[in-house]
Amino acid sequence: MIGLISATAAGAAARDRLAAAWPDRTRVYEGPVKDAVRAAFAECEQLVCFLATGAVVRLVAPLLGDKASDPGVVCVDEGGRFAVSLVGGHGGGANELAERVGELLGAEPVVTTATDAVGIPGLDTLGLPVEGDVAGVTRTLLDGEPVVLDAEVAWPLPPVPFAAQGAHTVRLTDRAVEPSAGEVLLRPPTLVVGVGASKGAPVEEVLGLVEGALRDAGLSPRSVAELATVDAKREEPGIVEAAARLGVPVVTYSAEELATVDVPNPSEAPLAAVGTPSVAEASALARGGELLVPKRKSERADGQPAMATCAVVRRPGRGRLAVVGLGPGARDLLTPRAEAELRRASVLVGLDQYVDQIRDLLRPGTRILESGLGAEEERARTAVAEARKGQAVALIGSGDAGVYAMASPALAEASDDIDVIGVPGVTAALAAGAILGAPLGHDHVSISLSDLHTPWEVIERRVRAAAEADIVVTFYNPRSRGRDWQLPKALAILAEHREPTTPVGVVRNASRPDESSRVTSLASLDPATVDMMTVVTVGNTATRRIAGRMVTPRGYRWQEAASTSGSAAGQEQEGAQ
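The structure presented is a predicted model; accordingly, all values stated were derived computationally and were not measured. (Residues numbered from 1 in each chain as written. Predicted model: local features only at pLDDT ≥ 70, side-chain atom pairs only at ≥ 80, totals over all residues. Heavy atoms only, no water.)

## Quick notes on the pattern of salt bridges
Side chains carrying opposite charge are able to pair once their charged atoms draw close together. Tallying each qualifying case throughout the model produces 33 salt bridges. A salt bridge links Arg-100 to Glu-103; its shortest N-O distance comes to 2.6 Å. Here Arg-100 pairs with Glu-103, and both are found in helix α4 (residues 94-105), just three residues apart, close to one helical turn. For Arg-100, a relative accessible area of 27% corresponds to the partly exposed category. Among the residues examined, Glu-103 registers a relative accessible area of 52% and is labelled exposed. In this structure, Asp-174 and Arg-314 form a salt bridge, with 2.8 Å as the shortest nitrogen-oxygen distance. Of the two residues, Asp-174 is situated in the loop between β9 (168-172) and β10 (183-186) and Arg-314 in strand β15 (residues 308-314); the sequence distance between them amounts to 140 residues. For Asp-174, a relative accessible area of 1% translates into the label buried. (Salt bridge = Lys/Arg side-chain N within 4 Å of Asp/Glu carboxyl O. Helix = DSSP H or I, 4+ residues; strand = E, 2+ residues; numbered from the N terminus. Buried < 20%, exposed > 50% of the residue type's maximum accessible area, 1.4 Å probe, protein only.)

This is the structure we're talking about:
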């Protein structure tokens, strides 16, 4: 919850804008400011104070405890010009909150955290538990002095300027070791604990068994990713509560799945009870990995039979491939999620001209693997190969990476040994549609006219199907110097089913500085004015030019009856979009 505090009418107005934008995330604190800040500080994860910075400093100073537990505090000035990250930039999320508040209020976010200022990811922002001299090692990085990465286990990290030798170290480990002087430990979630339990097994017995197994093996509980078990034990209280105390999820598998996992210590007891010869070892090994602790049973002080078993597996670190759509070109049409993935990647793979669009967003040290036109398959193979090395990779494409772009060749190359994240983007068809008006208001299809990889016979069959079905068509890759007959042929096919006056929208370089657009007709369009940077949208028989814009009516029955029967049906259709 985000607490909102203000003292003046201007502050209250900005406060109320934020509350209206985030109704489920915010709580307004009324009354004397000192009391409001104290209450919000105790009850909320974050605060936005519409007060002078000095006043907020004095109000929160007596309340500060520890950077790991203090809420994030953002201060917005009386004029709404700045959103200042004041306390808890990383741990409390104040830096990100300042960015979001700035977007909503039109204020300039002010972030003074040193790592953010120079583009180095903070060691406490990598999404991993961290121990040791975080401040000292971070200061060393900021000073440009060498810091060594000692990766005992592989894990995809964002770009950090590590060196081969140095007096300070960041150790990536799941072992139960204490940090040395000048050292930071990062705990990747590499450990999976498989658990079996009899009905009614006490949480103390389950948790004690798990913690003892980790301790005896020299492994850190902070690197446990999950407790795994059989479906039949999904709601077993002892397992559920043990996972809650460890702060990890419970992951389950069917007995049939577990029965196929090869284990060193199968048993008749679980086979009779739940239908698989192994629960602890099989569930821990279900997704592969190295068995570090074979099945062991709990020990009970009363001498009664054990009610819990566990096994521990180390899964290898998986590389991460983010396939990122950059949108049509304008920076404000690049999504925040895409920007976050670009900054997370240690390796960027992309077409050189697309890399140039976003080079300034990359963190220092990002390795860039760029190539020219026509190397799509090579880029896909390169991105997957880098991810298989355990890297955090971003593979970029224009528009949406899944639409005539890099997602298809990359995912055809990738197997289930890496994590793949798709980041959607604004497509050229959508960007052009918004410029033209509303040409995609009803059913529509996108067709690429490039026959470099798709036979023209296939393309022509698709164009004919769209023409006969009276669907709005957006043509990608409509015409190039070496392909000048395909667009006229496609337009002729559409003309067999549509009037010469059918509106046609032509947009070149949608959303870019040299954008141009026009609405013409099927009979009037000169294909020679179209190139590879152009998107051509041909309307259906219902598409009209209205006030210079291209509009395809939705054509639903509710539109005809809206004047007499209300808009309930229309509201239903709108909500289904």
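## Quick notes on the sheet that holds strand β21 (residues 437-438)
In space, the three strands of this open sheet follow the order β21-β28-β27, with mixed pairing throughout. The outermost strands of the open sheet, each flanked by one partner alone, are β21 and β27 (544-546). As paired strands, β21 and strand β28 (residues 549-551) are joined by two bridges and run parallel to one another. Paired with Ala-438 across the bridge in β28 is Val-551. (Pairing = 2+ DSSP bridges.)

## Structural notes on the confidence of the model for the chain
Model confidence for the chain is summarised by a mean pLDDT of 89, while 95% of its residues fall at 70 or above. Ignoring residues within four places in sequence, the model shows residues 563-577, a span with pLDDT below 50, making eight contacts including any to other chains. (pLDDT = per-residue confidence, 0-100. Contact = heavy atoms within 4.5 Å.)

## Quick word on the sheet that holds strand β16 (residues 320-325)
Each strand in a sheet pairs with its neighbour through backbone hydrogen bonds, running either in the same direction (parallel) or in the opposite one (antiparallel). Strands sit in the order β18-β17-β19-β16-β20 across an open sheet of five strands; the sheet is parallel. The sheet terminates laterally at β18 (367-371) and β20 (419-423), the two strands that pair on one side only. Neighbour-to-neighbour, the strand axes of the sheet open up by a mean angle of 15 degrees, direction not taken into account. Note that β16 and strand β19 (residues 392-397) share six bridges and pair parallel. Directly across from Arg-320, in β19, lies its bridge partner Ala-392. (Axes fitted to C-alpha atoms, helices over the stretch in contact; angles between N-to-C directions.)

## Some details on the packing of helix α17 (residues 456-468) against helix α18 (residues 486-495)
Running from amino to carboxyl end, α17 crosses α18 at an angle of 30 degrees, the nearest separation of the two axes being 9 Å. With respect to α18, the axis of α17 lies roughly parallel. Here α17 runs over α18; the crossing is right-handed. Contact residues: α17 offers Trp-456, Glu-460, Val-463, Arg-464 and Ala-467, while α18 offers Gln-486, Lys-489, Ala-490, Ile-493 and Leu-494. A class-by-class count of the residues in the contact of α17 with α18 yields six nonpolar, one polar and three charged. (Parallel < 35°, antiparallel > 145°, perpendicular 65-115°, else oblique. Left-handed = near helix turned anticlockwise from the far one by under 90°. Nonpolar A, V, L, I, M, F, W, Y, C, P; charged D, E, K, R; others polar.)

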